[in-house]
Amino acid sequence: MDDTSPEVKKLVHEKLMRLSGEERFIMGCQMFDSAREIILASFPRDLPPDQLKERLYERVYGAPLRKSPR
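My aim in this report is to walk through the structure given alongside it, one point at a time. (Residues numbered from 1 in each chain as written. Predicted model: local features only at pLDDT ≥ 70, side-chain atom pairs only at ≥ 80, totals over all residues. Heavy atoms only, no water.)

### Some thoughts on the packing of aromatic side chains
Here's step 1: One pass over the structure, following the stated rule, counts one aromatic pair.
Here's step 2: With a centroid separation of 4.7 Å and 40° between ring planes, the pair formed by Tyr57 and Tyr61 is classed as tilted. Pair noted here: Tyr57 and Tyr61 are both in helix 3 (residues 49-61), with a separation of four residues, about one helical turn.
Here's step 3: Owing to a relative accessible area of 55%, Tyr61 belongs among the exposed residues under this scheme. (Phe/Tyr/Trp six-rings, centres within 6.5 Å; stacked < 30°, edge-to-face > 60°. Helix = DSSP H or I, 4+ residues; strand = E, 2+ residues; numbered from the N terminus. Buried < 20%, exposed > 50% of the residue type's maximum accessible area, 1.4 Å probe, protein only.)

### Looking at the pattern of salt bridges
Here's step 1: Within the structure shown, the criterion is met by three salt bridges.
Here's step 2: Between Lys10 and Glu14 there is a salt bridge, with the nearest N and O atoms lying 3.8 Å from each other. Here Glu14 and Lys10 lie together in helix 1 (residues 6-18), a separation of four residues that amounts to about one turn.
Here's step 3: Exposure remark for Glu14: the relative accessible area of 33% places this residue in the partly exposed category. (Salt bridge = Lys/Arg side-chain N within 4 Å of Asp/Glu carboxyl O.)

### Notes on the packing of helix 2 (residues 21-41) against helix 3
Here's step 1: The interhelical angle for the contact between helix 2 and helix 3, taken along N-to-C directions, is 120°, at an axis separation of 11 Å. By the criterion of interaxial angle, the relationship of helix 2 to helix 3 is oblique. Classified by chirality, the crossing of helix 3 by helix 2 is right-handed. Facing helix 2, whose interface residues are Phe32, Arg36, Ile39 and Leu40, helix 3 presents Leu52, Leu56, Arg59 and Val60.
Here's step 2: For the contact of helix 2 with helix 3, the residue count by class is six nonpolar, no polar and two charged. (Axes fitted to C-alpha atoms, helices over the stretch in contact; angles between N-to-C directions. Parallel < 35°, antiparallel > 145°, perpendicular 65-115°, else oblique. Left-handed = near helix turned anticlockwise from the far one by under 90°. Contact = heavy atoms within 4.5 Å. Nonpolar A, V, L, I, M, F, W, Y, C, P; charged D, E, K, R; others polar.)

Structure representation (structure tokens):
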């Protein structure tokens, strides 16, 4: 769904481009951290660490984690 007008899209883009590369990078990291916290909050609290990591990977990347042979 896209209900944002072209004018508003342009304004947002211009505002973001006025930020330094470092500021945009930090902003992206903060958004990823927030998304990660939301995902983690949706999981059962008693998941073992290995299952938690696997499920987090699958939710973020949309594909199962391929485990390397040991």
